[in-house]
There are 2 protein chains.
Amino acid sequence: MRPEEARARLRALGFDEAAADVLFAHFADAERRGKLGHGFSRIEWLEALEGVRPDARPEKVLSSPGFDRWEGRGALGYLTLAAICADLEAGPPEQARVVVAADCFPTGMLGHYVRRLAEARLVALLTATSPARLPHPAGGPPLVGTNPLAIGVPAADGPPVVVDVSMGKTTYGDVLAGRADPADLVPFGGEQAHKAFALALGLQLVVESQVGGFGAFLVVLHGELGPVDLERFAGVRLPGR
Amino acid sequence: MRPEEARARLRALGFDEAAADVLFAHFADAERRGKLGHGFSRIEWLEALEGVRPDARPEKVLSSPGFDRWEGRGALGYLTLAAICADLEAGPPEQARVVVAADCFPTGMLGHYVRRLAEARLVALLTATSPARLPHPAGGPPLVGTNPLAIGVPAADGPPVVVDVSMGKTTYGDVLAGRADPADLVPFGGEQAHKAFALALGLQLVVESQVGGFGAFLVVLHGELGPVDLERFAGVRLPGR
């Protein structure tokens, strides 16, 4: 799909220009990074997804020093997380803030958001839940989402370090895009897959302790890495750099 | 080592009764759970560790709504994390709080602390860094700690769910206890070991963005799981339950 077509199809779904821009920026970023399962292939998926409400907008329903709570109000998770990023850019926490978002799905490539926050000089950790995709390593039905953990850390010079790890051997996006075998929707780690399952489970339950349904959990704080912190990694390709 | 001997050797190291009790409780909990690498074998390790200052005590040096900062002040990380837990039990956050601890090493079995916090009705996520133990999956010198991520979530009925995942194929504790091959101090995950390495790296850099040296990073928030949240896991052994 060419960029012009992608944008036109988002507008045709009923999104106004601002919302279409947010979605387009996300999918184009994924394409650029070779994460095709989170790229333009998602537009076809959105076209088939039931209940998409292009006019819905998220709302910050609670804000106290150190804690914000958002409700998606039927908006796509992409738009909710983008609104949260914009809100944090406009009013960063003095030290740290936990942000939870209820009704926040689908959220796409979580690295996208923590990179944006890191570019605004905020350290960020983000997870988000999805429908159950991963079974227990011993087998059985899917029990937990792929529940990625994304971490972005600003560096005093150069781009931030951005880590974005799904707990699945493959991502649902890659299955959707026909690039991965659905049988690989299992926790990663081979004979130690119980570790990735445990991480997915723990992150899922943190989110569920805060919100019903699918949601996101974000921690942002001030801080950055000095040149000396990254010197020891000379010769290693650091994710995001 | 028998419990009486363990306690006596801790006192002989110079710890007063309260501090020895904290350390003993940690090691005894590890023994009970079969995590022998974090159990009484650590007492011998402490006896050989240079620079242990049994009289040192951690201090909370900054506290604002949503954020606390502690300094170990030369105390063992076990004592610092126990002091942080006691402080949170005495004054839990209204919604959420991020706690960072500088000069916080060694910390032991992180599940121990998030279980304690979960028993005080707090959701908790905790990581802590250590000397570099894990190399990049492609080889080379150790670059990052095993940097476990521990997550505890209270349940409305029954014990909390407690997840505690080291990013190493084995733990340093098990190597110390002679129960694991030092060659297994690599990121877990086999052909997807880059994922565990990325998680260890991200968590390490979050800590380093906040503190120099080894430290801990903790997020606590209110919340719990209702019975319905756990129903779908019937038949699966949930960690900690």
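Calculation rules
- Counting starts from 1 at the beginning of each chain's written sequence and moves along it residue by residue.
- The order in which chains are written sets their letters, starting at A; the order in which ligands are written sets their numbers, starting at 1.
- Since the coordinates come from a predicted model, pLDDT governs what is reported: local features require at least 70, and pairs of side-chain atoms require 80 or more to be given and counted, while whole-chain, interface and lining totals use all residues.
- By definition, residue pairs are in contact when their C-beta atoms, positioned from the backbone, come within 7 Å.
- Each helix corresponds to a stretch of at least 4 residues labelled H or I by DSSP, and each strand to a stretch of at least 2 residues labelled E; elements are numbered beginning at the N terminus.
- Charged residues are taken to be Asp, Glu, Lys and Arg, nonpolar residues to be Ala, Val, Leu, Ile, Met, Phe, Trp, Tyr, Cys and Pro, and polar residues to be all remaining types, Gly included.
- A fitted line through C-alpha atoms represents every axis, and for helices the fit uses only the stretch in contact; the resulting angles, taken between N-to-C directions, go from 0 to 180 degrees.
- An angle counts as roughly parallel when it lies under 35 degrees, as roughly antiparallel when it exceeds 145, as roughly perpendicular when it falls between 65 and 115, and as oblique in every other case.
- If you view the pair so one helix is near and one far, a crossing is left-handed when the near helix is turned anticlockwise from the far one by less than a right angle, and right-handed when it is turned clockwise.
- Here the copies are matched by least squares. The fit uses the C-alpha atoms of residues with pLDDT of at least 70 in both.
- Exposure classification rests on a simple neighbour count of other C-beta atoms within 10 Å of a residue's own: a residue reaching 20 or more is buried, one at 12 or fewer is exposed, and one in between is partly exposed. C-beta atoms are placed from the backbone.
- The arc in question is formed by the directions pointing from the helix axis toward the C-beta atoms.

### Points about the interface of chain A and chain B
Across the contact, 44 residues belong to chain A and 44 residues belong to chain B. Those elements that provide at least two residues to the side of chain A that touches chain B are β3 (96-102), β4 (122-128), β7 (149-153), β8 (161-165), α7 (193-210) and β9 (215-222) of chain A. The leading source of residues in the side of chain A that touches chain B is α7 of chain A, at 10 residues. Of the residues assigned to the side of chain A that touches chain B, the class counts are 25 nonpolar, 11 polar and eight charged.

### Quick word on the packing of helix α1 (residues 3-12) of chain A against helix α2 (residues 17-32) of chain A
Residue and element names in this part refer to chain A. Running from N to C, α1 and α2 cross one another at 140°; their axes reach a closest spacing of 10 Å. The orientation of α1 with respect to α2, classified from their angle, is oblique. With respect to the hand of their crossing, α1 and α2 are arranged in right-handed fashion. Where α1 approaches α2, its residues Pro3, Ala6, Arg7, Leu10 and Arg11 are matched on the opposing element by Ala20, Leu23, Phe24, Phe27 and Ala28. Residues of the contact of α1 with α2, tallied by class, amount to eight nonpolar, no polar and two charged.

### Focus on the relation of the copies chain A and chain B
At an RMSD of 0.0 Å, chain A and chain B line up after a rotation of 180° and a shift of 0.0 Å along the axis. Such a combination of rotation and displacement between the chain copies is what one expects of a two-fold axis. Mapped onto chain B, 100% of the interface residues of chain A again fall at the interface, so both copies present the same surface.

### Thoughts on helix α1 (residues 3-12) of chain B
Because an α-helix packs 3.6 residues into every turn, residues spaced three or four apart end up facing the same way. All names here are of chain B. Every buried residue of α1 is accounted for by Ala6, Arg7 and Leu10. Summarising the axial view, the buried residues of α1 lie within an arc of 95°, below the 170-degree limit, and thus occupy one face. Away from the buried face of α1 by more than 90 degrees, exposed residues Glu4, Glu5 and Ala12 are located. Looking at the buried positions of α1, the neighbouring elements they touch are α2 (17-32) and α3 (41-48). Gly14 sits one or two residues past α1 and shows a positive phi near 110°.

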